[in-house]
Amino acid sequence: MAHHATVHPAVSSHLRGHGSREQAQGFLADTLAGFIDEAWLLIEDGDFLGLQHAASHLSSCARALGQGFIGDVAGMMAVSAAEQEAERCHLFLAVIQREWDTVMG
């Protein structure tokens, strides 16, 4: 059976140019909040495969919603998770959190 990716309505609307910036930012804020909490736990538990998947998802969402830097850092985090480099994952997670705090100002 083929896997079909689903796109959240906020992302889909934003990509089509119909959604509001606030709607897209709200979705990304929710996604990031969940990711940051989950990522710390995944690193501590040594679940690098789960972390890799979560970071890849965040990377795609952030880029689609115009947050390229966060997307790039999440992409680098996914690569570090694939290599099971916990220290680098912690570093990238801190950068993502700091950048998001700056964006939300």
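Per-chain numbering applies: the sequence of each chain, read as written, is numbered from 1 onward. At least 70 in pLDDT is required for a residue's local features to be given in this predicted model, at least 80 for side-chain atom pairs to be given and counted, and no such filter applies to totals for whole chains, interfaces and linings, which use all residues. No hydrogens and no water enter the side-chain calculation; it runs on all heavy atoms of the structure.

## Thoughts on the overall build of the protein
Selection criterion: Secondary structure elements follow DSSP: runs of H or I no shorter than four residues count as helices, runs of E no shorter than two count as strands, and numbering proceeds from the N terminus. Summary of the burial criterion: residues with accessible area below 20% of their type's maximum are buried, those above 50% are exposed, and those between are partly exposed, where the area comes from a 1.4 Å probe applied to protein chains only. Using a 1.4 Å probe, the Shrake-Rupley method yields the accessible areas, and only the shown protein chains count as cover for residues.
A count of helices and strands for the protein gives 5 helices and 0 strands. When the elements of the protein are put in sequence order from the N terminus, they spell out α-α-α-α-α. Within the protein, the proportion of its 105 residues that are buried is 38%. Accessible area of the protein: about 6200 Å², with a carbon and sulfur share of 54%.

## Focus: a negative patch on the surface
Our working definition: Two distance rules govern patches: like charges are joined within 9 Å, and nonpolar side chains (Val, Leu, Ile, Met, Phe, Trp, Tyr) within 5 Å, applied only to residues with over 30% relative accessible area and no salt bridge. In the sections that follow, a salt bridge refers to a side-chain nitrogen of Lys or Arg positioned within 4 Å of a carboxyl oxygen of Asp or Glu. When charges are tallied, Lys and Arg are placed among the positive residues and Asp and Glu among the negative ones, while His and the ends of the chain are skipped. To locate a charge, take NZ of a lysine, CZ of an arginine, CG of an aspartate or CD of a glutamate.
A surface patch of like charges, here negative, comprises Glu-38, Glu-44, Asp-45 and Asp-47. Tracing the sequence through the fold places Glu-44 in helix α2 (residues 21–45).

## Topic: the nonpolar core
The criterion, for reference: In this text, buried Ala, Val, Leu, Ile, Met, Phe, Trp, Tyr and Cys residues form a nonpolar core when linked through side-chain atoms within 4.5 Å. Contacts are assigned to residue pairs with any non-hydrogen atoms lying within 4.5 Å of each other.
Judged by nonpolar contacts, the single largest core of 30 residues is most densely connected at Leu-32, Phe-35, Leu-51, Met-77 and Ile-96. Those elements that place two or more of their residues in this core are α2, α3 (48–64), α4 (68–82) and α5 (86–104). It is α2 that provides the largest number of residues to this core, a total of 10 residues. Ignoring sequence-local partners within four residues, the contact set of Met-77 consists of Phe-35, Ala-39, Ile-43, Leu-51, Ala-55, Cys-89, Phe-92, Leu-93 and Ile-96.

## Let's talk about the confidence of the model for the protein
Selection rule: What pLDDT reports is the predictor's confidence in each residue, on a scale of 0 through 100.
Counting all residues, the mean pLDDT for the protein is 84, and 81% of those residues have values of 70 or more. Element-level pLDDT for the protein is lowest in helix α1 (residues 9–16), with a mean of 48, against a maximum mean of 97 in α4. Across residues 1–8, where pLDDT falls below 50, the model places 2 contacts with residues more than four positions away in sequence or in other chains. Low pLDDT (under 50) marks residues 10–16, which in the prediction has 14 contacts with non-local residues, meaning those over four places away or in another chain.

## Let's talk about unusual backbone geometry
One non-glycine residue with positive phi stands out, namely Gln-84, at about 55°. Within the secondary structure, Gln-84 is located in the loop between α4 and α5. Taking the relative accessible area as the measure of exposure, Gln-84 reaches 57% and is therefore exposed.

## Quick notes on the pattern of salt bridges
Across all of its chains, the model carries 2 salt bridges by this definition. Here Asp-72 and Arg-63 are joined by a salt bridge, their closest N and O atoms 3.0 Å apart. Overall, Arg-63 belongs to the partly exposed group, its relative accessible area being 45%. Between Arg-88 and Glu-85 there is a salt bridge; the shortest N-O distance is 3.5 Å.

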